[in-house]
Amino acid sequence: MTERIYYTEPSLGEFDATVTGVETVDGRQAVRLDRTAFYPTSGGQPHDLGTLGNARVIDVVDEENGDVLHFVEGVVTTGDKVPGRVDWTRRFDHMQQHTGQHVLSAAFDTLLKARTESFHLGADYATIDLARELTPAEIARAEDDANRAVWEDRPVHIRFVDAAEAAALPLRKAPAREGTLRLIDVDGYDLSACGGTHVARTGAIGIIAVTGWERFKGGMRVGFVCGGRALSTHRRLRDVVAESARLLSTMQDELPSGIERLQADAKDAKRQIKDLQSRLAGHEADRLAASAQDGVVVASLDGWDQTALKNIASAIAARPGYAAGLLGGPAPYAVVVARSADRGTDAGAVLKQLAVRFGGKGGGRPELAQGGGLSGDAAEIADYLRSLL
Ligand SMILES: [Zn+2]
């Protein structure tokens, strides 16, 4: 069984150990040590990274028999005495988030009787799943109280007790394992059984900031960031807000109303474009009809949507003696075929023939048919369309 230095000395990032075994597990080189400060993935907290001698530690896994497996890249030999070095930036970040979780979970539990069902420490933020739903005001109340406990700089003790002693203690959650229990005691605030790594005083958490929440499995999933992550999150949001305010030429506090104004403007513009297009469709129909040969109009029109093409084609076919085939680009092309009541062309059949040769699909009535997805050379499609009309 590997001696876990972090159980009693979680602030130790450098240590010496003897290599007790090297093996290949699932194609990766795994190292066993007599003692380690490397934390293996467990209890919602990800593993540490770092080095063993000249080898890089890329993964750390908890084994059922109590050993810790260090997956490494590089040469490590059984019997060697090696210096171990934990990537302290990563480890300290995990300690801040994990201790912050104890404090925040205790606040939800004590103030609001909202039990923590599970905890996950992700790369950007951590989450706790609560057994019941809370209002935004309740979440803010727990957040305030948790930060009060942070700023009171309470000591975080590590204690070991047996099952009988544990049974008599007011643990926040019933322990899942038997035998000797490791307790994390946030002085006067929280008492839980936990094998993770924590800071020595709550002040080192810095701050606990809730990032968001959503309904989850009948309860609530609450996201949060602590310490360094809270600062980097603040910086990222600050830059996003500043840039958005600059783009909208508005004050930061007025961003929501600025966006609403922009949305209303866009809606107006869309309505105006639609109106102008329908008026322009009449002019386009006049222009195209004037250039018809034997009453046949074939044209390739860019920038018009399907509805506008249909309006133009229908406007041409509203006068006697015309057959119109309009292509809308860019590729793949939309197509609308319309003909006057006094012409015999079957617009639907024309659409089908176009699709056979140029792909796409479409259909309609003998007087009016439309489709899309035609690919090929626009001039070639136009020539063929003219021959069909
Ligand atoms: Zn913990």
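Residues numbered from 1 in each chain as written. Predicted model: local features only at pLDDT ≥ 70, side-chain atom pairs only at ≥ 80, totals over all residues.

### Observations regarding the sheet that holds strand S17 (residues 323–329)
Strand order across the open sheet formed by 5 strands is S16-S17-S18-S20-S19, with mixed pairing between neighbours. Because the sheet does not close on itself, it has two edges, and the strands there are strand S16 (296–302) and strand S19 (361–364). For this sheet, the mean angle separating the axes of adjacent strands, direction not counted, is 10 degrees. Here S16 pairs with S17 via 7 bridges, running parallel. Paired with Ala299 across the two strands is Leu326, which belongs to S17. Packed on one face of the sheet, helix H9 (residues 378–388) meets S16, S17, strand S18 (333–339) and strand S20 (368–374) and runs near 155 degrees to S16. (Pairing = 2+ DSSP bridges. Helix = DSSP H or I, 4+ residues; strand = E, 2+ residues; numbered from the N terminus. Axes fitted to C-alpha atoms, helices over the stretch in contact; angles between N-to-C directions. Contact = placed C-beta atoms within 7 Å.)

### Observations regarding the nonpolar core
Within the largest apolar cluster, 35 residues are counted, with the highest numbers of intra-cluster contacts made by Ile312, Ala313, Ile316, Ala324, Leu326 and Val335. Looking at this core, the elements that each hand over two or more residues are helix H6 (255–290), S16, helix H7 (306–317), S17, S18, helix H8 (347–358), S20 and H9. Leave out the neighbours within four places in its chain, and Ile316 touches Ala285, Leu288, Ala289, Val297, Tyr322, Ala324 and Ala338. The next biggest cluster of nonpolar side chains, apart from the first, holds 33 residues, and it includes Met95, Phe108, Leu130 and Phe224. (Core = buried A, V, L, I, M, F, W, Y, C linked by C-beta atoms within 7 Å. Buried ≥ 20, exposed ≤ 12 C-beta atoms within 10 Å, placed from the backbone.)

### Concerning unusual backbone geometry
Between Gly329 and the following residue, Pro330, the backbone shows a cis peptide bond with an omega angle of 0 degrees. Looking at where Pro330 falls in the secondary structure, it is placed in the loop between S17 and S18. Looking along the chain, the bond that leaves Ala331 and enters Pro332 is cis, with omega of -5 degrees. Its place among the elements puts Pro332 in the loop between S17 and S18. If you check the backbone angles, Lys217 has positive phi at about 45 degrees while not being a glycine. Inspection of the secondary structure puts Lys217 in the loop between strand S14 (208–216) and strand S15 (219–226). What makes Lys217 exposed here is the crowd of 11 C-beta atoms within 10 Å. At Ser249, a residue that is not glycine, the phi angle is positive and equals roughly 50 degrees. Tracing the backbone through its elements, the reader meets Ser249 in the loop between helix H5 (227–248) and H6.

### A look at the domain arrangement of the protein chain
Per the domain assignment, the segments making up the protein chain are domain 1 (3–86), domain 2 (92–241) and domain 3 (281–388). Measuring from the centre of the C-alpha atoms in domain 2 to the corresponding centre in domain 3 gives 66 Å. (Domains from an automatic or database assignment.)

### Things to note about the packing of H6 against H7
The contact between H6 and H7 brings their axes to 8 Å, and the two run at 45 degrees. Here H6 is positioned oblique relative to H7, judged by the angle of their axes. Here H6 and H7 pass one another in a crossing that is right-handed. Where H6 approaches H7, its residues Gln277, Ser278, Ala281, Gly282, Glu284, Ala285, Leu288 and Ala289 are matched on the opposing element by Ala308, Asn311, Ile312, Ala315 and Ile316. (Parallel < 35°, antiparallel > 145°, perpendicular 65-115°, else oblique. Left-handed = near helix turned anticlockwise from the far one by under 90°.)

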